[in-house]
Amino acid sequence: MVETPLILQTVDLTKHFGMIKAAERISVEVNQGELVGIVGANGSGKTTFLNLITGYLKPERGRILLMGRDTTGLPPRTITRLGVARSFQVPQLYRHMRVLESVLLSLAAESGNGGSFWQPLFKESRRAEALETLKRFGLSAYAHRPTSELPEGGRKLLDIALSFALKPKLLLMDEPTSGVSIEDKFEVMDTLVKVLQESNVTTIFVEHDMEVVQRYGWRVLVFDEGQVIADGKPDNVLADPEVRKTVLGRV
Amino acid sequence: MDIGLLTIIIFDGLNYAAVLFLIAVGLTFVYGVLRILNISHGAIYGLGAYMATWLTILLLNKGLPPYLSYFVLLTGAIIIGLITGPSIERLCLRRIYGSDIHIQLLLTFSILLILDDAMKLIWGVEPMFMSEPYFLLGQFSVGGIIYPRYTFLLIGVSASFGVFLVWLVRGTRFGKLVVSVIQDREISVAMGINVGLIYTAAFTMGALSAAIGGAFIAPTISVAPGFAAEVVVMSFAVVAIGGLGNLEGAALGSLIVGLARALAIHLVAELELAVIYLIMVLVLAFRPQGLFGAVEERRI
Amino acid sequence: MPKINLLPGLFLSILAVGTWLGAMVLPVNAAPPGAPAELKVAFVDFLSGPAAIFGTSGRYATEWLVDKWNKEGGIKGVPLKLVILDEAGTPAKNVTEFRRLVMEEKVNVVLGFTSSANALAIAPVAEELKTLTLIHVAGTNRLTEDHKLHYTFRTSNHQAADSVLLARYVLKLKPNLKSIAGANEDYAWGRDSWEAFMGAIKTLQPGVEVKAELWTKIQAGEYSAEISKLLAARADVVHSSFWGGGLVTFIKQALPRGLFKQSLVALSTGAQVDQFVGKDMPDGVVLCPRATGAYFLDPEPEKDPLQKEFVEGYHKKVGRYPDYVSYRGYQAIGGMKAAYEKAIAQTGRWPTTEEVIKAFKGLTWRVPGGDIHMRAEDHQAIHDGLVGITKMSKKYGFALMEKRERFPGEQIMPPVGMKTPDWVKTLKK
Amino acid sequence: MRPNLRVVSIVSALLILVPLAMPSWVVFILTKALFTFIAVLGVALLLRGGQLTFGHALFFATGTYTVGFSVKWFGFRDALLLVPMGALTGLIMAALVGLIMARYRGVFFAMLNLAFSMILYAILLKFYWVTGGTDGISVGTATFLGFPLRAGTYPFYYLTLVIAGLITYVVYRFLASPLGYFLRAIADNEIRIEYSGESVRRVIYLTYILAGGLGGVSGVLAAFTVGHVVPEDAFWFQSGQFVFIALLGGFEGILGSLMGAVAFEFIQTYSSKYFPYAWQLTLGGIMLFIILFRPGGLWAIYESLVSRFSSKAEGSTHG
């Protein structure tokens, strides 16, 4: 099979919630290795877009192709297994579990070992890998602490680390810096981008913070009322006063 | 099936449905407001029956005119409702709102166990009989089969209580407050609604439903320890079939269960009990939220 | 002076010491060699729930007798100690409690068990634990017909007696009987009672139609739909073996609905509840004082001292007249005492359980209703049976059993080795 | 999830040695505690996944009636074959019911389980000619390769102990595996599990089957211990008792279920002996206390004692 550089393609993706147009004929293409930022005001359909791609929502119309395969209508679990992972605006963690255990679970799931009920979770090789992952995300100090004891920035990083541990080809991040203090957010993004670049993971991240998108995105999509109103290099797109108005106007 | 038998089945079914509804409507109301499935509901039903029986026997022996016994039944039920409702809600439930579901179920289960024995300690373990209110109303005939008029009273009390609750929720200020608390607790608190008081009041309404159910069924049965256990599970079935937290659902659920049971007794007696739970499983398998229930989705 | 005072004093002192020594060495009731300090007897019956109106009667009678005997010196000087236990609960719970009584409380004899389901469950465990067990009420014929019992005895007739009595009596009242219906509880007692009643009727009056068979949960307490079904069946005779609080409720629910006017109702345990139903009991209901030959007016207390003592003593203790459960309590513990006394007489010392069992086989003992005979072969007692019909009594405030007929045990119980369903087919008018 | 070898060996030693010094009545109660423990383990497993069942008696009764029918129809009562049979019937029943059950959570999971167990109860109760109805079925004494195995004797106790030990090991392996961890994760966050490519339904389904098998084994041992099986084995009160014990012991550790079961059997026996009409009140009071003040149950009390003790010990060595 020929490896296509196209990793994600959506065609006319449409989803309405009653009167609200959460997605309106979205057609987007993302290539292997890209780092794409998505901006837009609250309620412009950014998160809905991620929910559609990962199967949490089913589109009313349109198609989704991941690595050349039609995944429209598949559940999140199946899409995850195809190599698409995501993180969440509000970190989705196992609150009664330790940090290391959480990562081990992602690794076990990735290795297809998640359903085993006889092999222990704490295999030596897996444990080493989990510790290495935590180290890359700067969370080593918390490895043996319950996830509930993590500070907010740490929660965000762990949430992304859990997705990253699935070794995805495409990673979708929903507002990686929301809830992170202004002083910390560039540090968090530096850590993230470094890890992702090292592993050559194609990444789409949703942000309401234009500064972050401008600094880290290679390419930016601007959402408004469920539509993509601009697509291009951050420096060009975000300079557009119309774009600035729609993104900032209603915040 | 001939018309005579059908009439009998419908009457038996209605009779049974009336009792079930009276109990189930309180259960579903409490769930609707507090989001707690109150297992101790059955014990309140039992307490209502005991209190009403004891009080009626006591007053009849003191020379109370028998036609006043209906008011005594109601009084007994109200006493129990007003004692158990606020005390269970304030002393126990208040501490576990928002806890895991199993904590809530087990807490009310433990209250059931405690109250079940409390009845034995208060009123003894031998059965009590009191049938004056049942005999007093006389009887009527349907399709050649004689029924006690008391059946009408049961259906009447049951329907009135249902209508009263619907009016309370849809037609009064209290109802508006209840609905706003159901929809968003935080906002209601912010708006200055005394949510604690609403919860107490709602739980007390639920307790009253159970106590009235017990009080008015008491003259037709022998009131003895343990008689409440089975009725409770059946009212769970009723509530689940109709949709948790839904008043109309409880009405429809009671009718379905009541008629199904009557049908089974007359046609396939072996299935008398199983049919109720079979219906419950069937309904839940296709509509997990029950016939009238709404689906709740989680946002991420 | 000293002489005069000293002699009577000395005499009195010697008398006192002598009496005291005598009391030590030669008690009035000399206990046989090897006698224990007490005989521990467990009494198990329904003491809570709807069936409690039933169990408490047996309990009061047993307690009354034990008090009386202990005042008279117990069994040859050995006092009886009662351990009372509630039967309410499942057969599984009763089996566990039975083990506790034997293994932990170390009781010598277990008396009781009203529910046939419990009795059928207990018997194998009694055999396993080698404990003398007297079933005082439970009526299923299968207990003594299907099991080879060694440690277990039933001290009264089984249900066949009542079913056959009722069938004969009903046919006498309604010679042109065409149809019957039955409302019975869905377990051994109810099932076997109905089968025997139906069998007896069908044998004695071929061609009778069975219009309805109803099976309710044990002590259900709610019968409105079942009563509808009985009313719709319009049978000449309705048979029911309901008992305890369940029967009271059934009568109260059926009464305003005219069941007693529409059909002749025959209740095999009816004579037990008349005092509880009180003035609501309709006239003309056929009933049995189940498997006893005694009723508190039959034999008449004035003519039978044993009956007089029991009826008066019981009424004084309980405030009710003895019902048939009381008589069966009497039959059971009376049989136990008689068996122990016979065994002591045979061995000359305190007997082992095996020796008591040996003495029990073929024993005949006397109770207020007459003699009870324990068959040696199947450990099944045989005695008279009574049947009658209700008539409200102003004097007592409840319905009495009138027009009583007494049948000797041999006529109403199957012979040894014959099973009830087969035996009822051989009945003759 | 590392096994504390010292705790395991102390508990094992207690369970093996203590009964030798006890009268047969206590051996009987301990046998009951062990088979109850096995059923409670299943309930505790589901509770770890945040799922409460008020219908676990379904599998318990499947086990008891496996013995009941085996004795009634074939006169066969050999424990060596019937214990695995009970596990199998429990597993099969759970595999069927679980197909529906795995879709439900929370109150619905609890209620639907209740409904299924009540259907079995109603069938056992009402189909008299097949099931014996209320009478139940008397199963008598178990045999083991033909030798009688009486309840309350040492051979029966040790057989139960060996089975309980094997099951503890299986459950331990399960809990230490990824599946066991995913089970715990369900109570925390189902969405994250689905977005890890793992199926929550599958986790619940497999756990449910395991729990069903445990219920079946427990039922078989119960039938032989009590000697009689009844429809109430499937009644919701029986299920409620299992949940009660799981909570009493605390469901975070396997040992918690064991402590809960032993404590429950003694509480039940002695409170029903001394306060026959207040033993439910005793149970209810204890449960109320645990829920409101000690939500972790006996296990948590034990752990806090251990940690207090060990920190004291450390303090003394360092200080």
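Since the structure is predicted, the reported quantities are computational estimates derived from the model, not experimental observations.

Peer 1: Summarise the overall build of chain C; cite the residues concerned and give the values.
Peer 2: Counting its secondary structure elements, chain C contains 16 helices and 15 strands. Against the globule reference of 22 Å for 429 residues, chain C gives a C-alpha radius of gyration of 24 Å, in line with a compact fold. Once the C-alpha set of chain C is aligned to its principal axes, its extents read approximately 100 × 50 × 40 Å. Residue burial in chain C is summarised as follows: out of 429 residues, 65% are buried. Of the contacts made within chain C by residues no fewer than 6 positions apart, 70% connect residues no fewer than 24 positions apart. Across chain C, 53 positive and 45 negative side-chain charges occur, with their mean positions spaced 2 Å apart.

Peer 1: So what's going on with the packing of helix H11 (residues 247-267) of chain B against helix H12 (residues 274-286) of chain B? Residues and values would help.
Peer 2: Residues and elements named next belong to chain B. It is at 9 Å that the axes of H11 and H12 come closest, and there the two elements cross at 135°. By the angle between their directions, the pair H11 and H12 is classed as oblique. Crossing hand, H11 versus H12: right-handed. Where H11 abuts H12, its residues Ile256, Val257, Ala260, Arg261 and Ala264 lie against Val275, Ile276 and Ile279. The class makeup of the residues in the contact of H11 with H12 is seven nonpolar, no polar and one charged.

Peer 1: How would you summarise the interface of chain D and chain B if you had to cite specific residues and measurements?
Peer 2: When the parts of a complex come together, some accessible area is lost, and that lost area is often used as the size of the interface. Across the boundary between the two partners, chain D contributes 44 residues, which contact 46 residues of chain B. Where chain D abuts chain B, roughly 4200 Å² becomes buried across the two surfaces, and 83% of that area is made up of carbon and sulfur atoms. Glu272 of chain B is the salt-bridge partner of Lys126 of chain D, the closest N and O atoms lying 2.9 Å from each other. The tally of links between chain D and chain B comes to six residue pairs in polar contact (both at pLDDT 80 or more). Contributing elements (two or more residues each) for the side of chain D that touches chain B: helix H5 (106-126), helix H11 (236-249) and helix H13 (279-293) of chain D. In terms of residue count, the dominant contributor to the side of chain D that touches chain B is H5 of chain D (15 residues). For the side of chain D that touches chain B, a count of residues per class yields 36 nonpolar, six polar and two charged.

Peer 1: Lay out the domain arrangement of chain C in plain terms, naming residues and giving numbers.
Peer 2: All names here are of chain C. As assigned here, chain C comprises domain 1 (39-155 + 300-368) and domain 2 (160-293 + 384-424). On the side of domain 2, 28 residues touch domain 1, which itself brings 27 residues to the contact. For the pairing of domain 1 and domain 2, the buried interface totals around 2100 Å² over both sides, and the portion due to carbon and sulfur atoms is 61%. Counting the contacts that link domain 1 with domain 2 gives two salt bridges. With its nearest N and O atoms 3.1 Å apart, the salt bridge here joins Asp146 to Lys419. Here the residues of the side of domain 1 that touches domain 2 are counted per class, giving 13 nonpolar, eight polar and six charged.

Peer 1: Residue-level account of the environment of Asp159 of chain A, with values.
Peer 2: With respect to the element layout, Asp159 of chain A can be found in helix H5 (residues 152-164). On a C-alpha basis, the gap between Asp159 of chain A and Val201 of chain A in space is 16 Å, while along the polypeptide they are 42 residues apart. Ignoring sequence-local partners within four residues, the contact set of Asp159 of chain A consists of Ser87, Phe88, Pro91, Gln92 and Leu93 of chain A together with Arg192 of chain D.

Peer 1: I'd like to hear about helix H9 (residues 195-217) of chain B, residue by residue, with values.
Peer 2: Relative to the 33 Å expected for 23 residues at 1.5 Å per residue, H9 of chain B spans 33 Å between its end C-alpha atoms, a close match to the ideal helical length. Burial within H9 of chain B is extensive, with 20 of its 23 residues counted as buried.

Peer 1: Tell me what's going on with the packing of helix H3 (residues 99-110) of chain A against helix H8 (residues 178-188) of chain D, and back it up with residues and numbers.
Peer 2: Where H3 of chain A contacts H8 of chain D, the two axes come as close as 10 Å, and the packing angle between them is 120°. Considering their axes alone, H3 of chain A and H8 of chain D lie oblique with respect to each other. The two elements H3 of chain A and H8 of chain D meet at a crossing, and its hand is left-handed. Here H3 of chain A contributes Glu101, Leu105, Ala108 and Ala109 of chain A to the contact with H8 of chain D, which in turn contributes Pro178, Tyr181, Phe182, Arg184 and Ala185 of chain D. Considered class by class, the residues forming the contact of H3 of chain A with H8 of chain D number seven nonpolar, no polar and two charged.

Peer 1: Before we move on, could you go through unusual backbone geometry and cite the residues and values that matter?
Peer 2: Glycine aside, a negative phi is what most residues show, and trans is what most peptide bonds show. Along the chain, Asp298 of chain C connects to Pro299 of chain C via a cis peptide bond; the corresponding omega equals 0°. With respect to the element layout, Pro299 of chain C can be found in the loop between strand S10 (286-287) and helix H12 (305-318). You will see that Glu225 of chain A, though not glycine, has its phi angle at about 45°, which is positive. With respect to the secondary-structure elements, Glu225 of chain A resides in the loop between strand S9 (219-224) and strand S10 (227-232). The phi angle at Lys76 of chain C is positive, at roughly 50°, despite the residue not being glycine. Take Lys76 of chain C: it is sitting in the loop between helix H2 (52-71) and strand S2 (80-86).

Peer 1: Quick one: what's the story with the confidence of the model for chain C, residue by residue and with numbers?
Peer 2: Residues and elements named next belong to chain C. Taken as a whole, chain C shows an average pLDDT of 89; of its residues, 93% reach a score of 70 or greater. Across chain C, strand S4 (residues 132-135) holds the top mean pLDDT of 97, while helix H1 (residues 2-25) sits lowest at 58. Quick note on the complex model: pTM equals 0.89, ipTM equals 0.87.

Peer 1: Can you explain helix H7 (residues 173-183) of chain B? Please cite residues and give values.
Peer 2: Of the residues making up H7 of chain B, those classed as buried are Gly175, Val178, Ser180 and Val181 of chain B. Along its buried surface, H7 of chain B packs onto helix H1 (3-34), helix H6 (150-171), helix H8 (185-190) and H9 of chain B.

Peer 1: Give a detailed account of the sheet that holds strand S1 (residues 39-45) of chain C, specifying residues and quantitative values.
Peer 2: All names here are of chain C. Read across the sheet, five strands follow the order S2-S1-S3-S4-S5 without closing on themselves; strand pairing throughout is parallel. Looking at which strands have only one partner, the edges of the open sheet turn out to be S2 and strand S5 (152-154). Averaged over neighbouring strand pairs, the angle between their axes works out to 20° when direction is ignored. Relative to S5, S4 runs parallel, the two sharing three bridges. For Ile135, the partnering residue across the bridge sits in S5 and is Arg154.

Peer 1: Requested: an account of the nonpolar core, with residues and values cited.
Peer 2: Nonpolar side chains in soluble globular proteins tend to be buried together. Within the largest apolar cluster, 268 residues are counted, with the highest numbers of intra-cluster contacts made by Leu158 of chain A, Tyr277 of chain B together with Trp236 of chain D. Apart from the residues within four sequence positions on either side, Tyr277 of chain B is in contact with Val233, Met234 and Ala237 of chain B together with Ala115, Met118 and Ile119 of chain D. Core analysis: the second largest hydrophobic core is formed by 87 residues, Leu111, Ala254, Trp350 and Ala381 of chain C among them.

Parameters and conventions
- Residues numbered from 1 in each chain as written.
- Chains lettered and ligands numbered in written order.
- Predicted model: local features only at pLDDT ≥ 70, side-chain atom pairs only at ≥ 80, totals over all residues.
- Heavy atoms only, no water.
- Helix = DSSP H or I, 4+ residues; strand = E, 2+ residues; numbered from the N terminus.
- Rg over C-alpha atoms; globule rule 2.2 N^0.38 Å.
- Buried < 20%, exposed > 50% of the residue type's maximum accessible area, 1.4 Å probe, protein only.
- Contact = heavy atoms within 4.5 Å.
- Lys, Arg positive; Asp, Glu negative; His and termini not counted.
- Charge placed at Lys NZ, Arg CZ, Asp CG, Glu CD.
- Axes fitted to C-alpha atoms, helices over the stretch in contact; angles between N-to-C directions.
- Parallel < 35°, antiparallel > 145°, perpendicular 65-115°, else oblique.
- Left-handed = near helix turned anticlockwise from the far one by under 90°.
- Nonpolar A, V, L, I, M, F, W, Y, C, P; charged D, E, K, R; others polar.
- Buried area = accessible area lost by both parts, 1.4 Å probe.
- Salt bridge = Lys/Arg side-chain N within 4 Å of Asp/Glu carboxyl O.
- Polar contact = N/O pair within 3.5 Å; in protein donor to acceptor, adjacent residues only side chain to side chain.
- Domains from an automatic or database assignment.
- Expected span 1.5 Å × (residues − 1).
- pLDDT = per-residue confidence, 0-100.
- Pairing = 2+ DSSP bridges.
- Core = buried A, V, L, I, M, F, W, Y, C linked by side-chain atoms within 4.5 Å.

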